[in-house]
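Understanding the architecture of this molecule
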Amino acid sequence: MIRPVLVLTIICSSVLSYHQYRELKCSTPTNSIRGGPDRAECHLVLKEEELETGRPVPTGLGCWQEEHDGEEREYCDIVCPKSHTVFISFIDQGHRACFNFITYQIEKRNDEHVLWRSGKCLNSTVNYRIGCKFDDPFDTQFKSDNEIFAHLRARVRKV
Ligand SMILES: *[C@@H]1O[C@H](CO)[C@@H](O)[C@H](O)[C@H]1NC(C)=O
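Structural notes, computed from the coordinates. Just so it is clear, the model here is predicted, and its values are computed rather than measured.

This part takes up the overall build of the protein chain. What the protein chain contains, in helices and strands, is two helices and nine strands. Along the protein chain, helices (α) and strands (β) appear in the sequence α-β-β-β-β-β-β-β-β-β-α when read from the amino end. Long-range pairs, those at least 24 residues apart, make up 68% of the contacts in the protein chain with a sequence separation of at least 6.

Structure follows, in structure tokens:
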């Protein structure tokens, strides 16, 4: 039995929170899912709702490389600044190279969230669907996609 207090809590938190969705789509020329000979290229898709088509960000924009303990990682900004909750709502099932906490992970940096990939996942086709929850409407942070693109260009320069 579901208790009324719990129901009320769920209703309140869904009313007081605003969400956005993202898709990070990475693909290699051969569409390998076990780490092929080529690096994947990624682009982000901005969405208000999980299942809409969304607005694509130019390929590679908001992504950069870093080295961690001698291992290369590619980071991609998912444009959810000040989000209090970020979660992966979907990733291709049965992936042979991309494993959460091993070859990919969402990481919080200051107010922002980035998704990194490493190892064979860097050379694999993989799609992530990501949800972000905010206390305030997203358009209080960005008025247009051009502002989002400018934010991503500036973000990569800072690294
Ligand atoms: C991944 O792709 C890069 C660039 O083509 C290549 O140099 C590297 O050997 C590949 N890695 C693997 C594990 O095959």
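The next thing to look at is unusual backbone geometry. Of note, the phi angle at Lys82 is positive, near 65 degrees, even though the residue is not glycine. With respect to the helices and strands, Lys82 occurs in the loop between β5 (71-77) and β6 (85-91).

Right, let's get into the environment of Ser27. Mapping Ser27 onto the fold places it in strand β1 (residues 18-27). When the 17 C-beta atoms within 10 Å are taken as the criterion, Ser27 is described as partly exposed. Considered as a pair, Ser27 and Arg39 are twelve residues apart in the sequence and their alpha carbons are 8.2 Å apart. When sequence neighbours within four positions are dropped, the list of residues in contact with Ser27 reads Ala40, Glu41 and Thr125.

With that out of the way, let us pick up the sheet that holds strand β3 (residues 55-56). The antiparallel open sheet is built from five strands, whose spatial order is β3-β2-β1-β9-β6. Looking along the sheet, the strands with just one partner apiece sit at the ends: β3 and β6. Bridge count for β6 against strand β9 (residues 126-134) is six bridges, and the pairing is antiparallel. In the strand pairing of β9, Thr85 is matched with Lys133.

For the rest of this paragraph, the subject is the sheet that holds strand β4 (residues 63-68). Strand order across the open sheet formed by four strands is β4-β5-β8-β7, with antiparallel pairing between neighbours. Strand pairing shows two members of the sheet lacking a second neighbour, β4 and β7 (104-109), which therefore form its edges. Strand after strand, the sheet turns through a mean of 35 degrees between neighbouring axes, direction not considered.

Counting 29 residues, the largest nonpolar core has Leu24, Leu44, Cys76, Ile78, Val79, Leu115 and Ile130 as its most contacted members. Every element with two or more residues in this core is listed here: β1, β2 (41-47), β5, β8 (112-118), β9 and α2 (145-158). Top element by residues in this core is β9. It accounts for four residues. For Ile130, the residues in contact, after removing those within four places along its chain, are Tyr21, Arg22, Leu24, Ile78, Val86, Ile88 and Ser89.

For the rest of this paragraph, the subject is the environment of Lys133. Relative to the helices and strands, Lys133 resides in strand β9. For Lys133, a count of 16 C-beta atoms within 10 Å puts it in the partly exposed group. If near-sequence neighbours (up to four positions away) are discounted, Lys133 is found in contact with Ser17, His19, Ser83, His84 and Thr85.

To continue, consider the environment of Thr53. Among the secondary structure elements, Thr53 is positioned in the loop between β2 and β3. Residue Thr53 is classed as exposed on the basis of its 8 C-beta neighbours within 10 Å. Considering only alpha carbons, one finds Thr53 and Glu23, 30 residues apart in sequence, at a separation of 9.7 Å.

For a regular strand, side-chain orientation follows a simple rule: the groups alternate between the two sheet faces. With six bridges joining them, β4 and β5 adopt antiparallel strand pairing. The residue bridging Cys63 from the neighbouring strand is Cys76, located in β5. The loop that links β4 with its antiparallel partner β5 comprises two residues; one of these, Asp69, has a positive phi angle of about 50 degrees.

Definitions and limits used
Residues numbered from 1 in each chain as written. Predicted model: local features only at pLDDT ≥ 70, side-chain atom pairs only at ≥ 80, totals over all residues. Helix = DSSP H or I, 4+ residues; strand = E, 2+ residues; numbered from the N terminus. Contact = placed C-beta atoms within 7 Å. Buried ≥ 20, exposed ≤ 12 C-beta atoms within 10 Å, placed from the backbone. Pairing = 2+ DSSP bridges. Axes fitted to C-alpha atoms, helices over the stretch in contact; angles between N-to-C directions. Core = buried A, V, L, I, M, F, W, Y, C linked by C-beta atoms within 7 Å.

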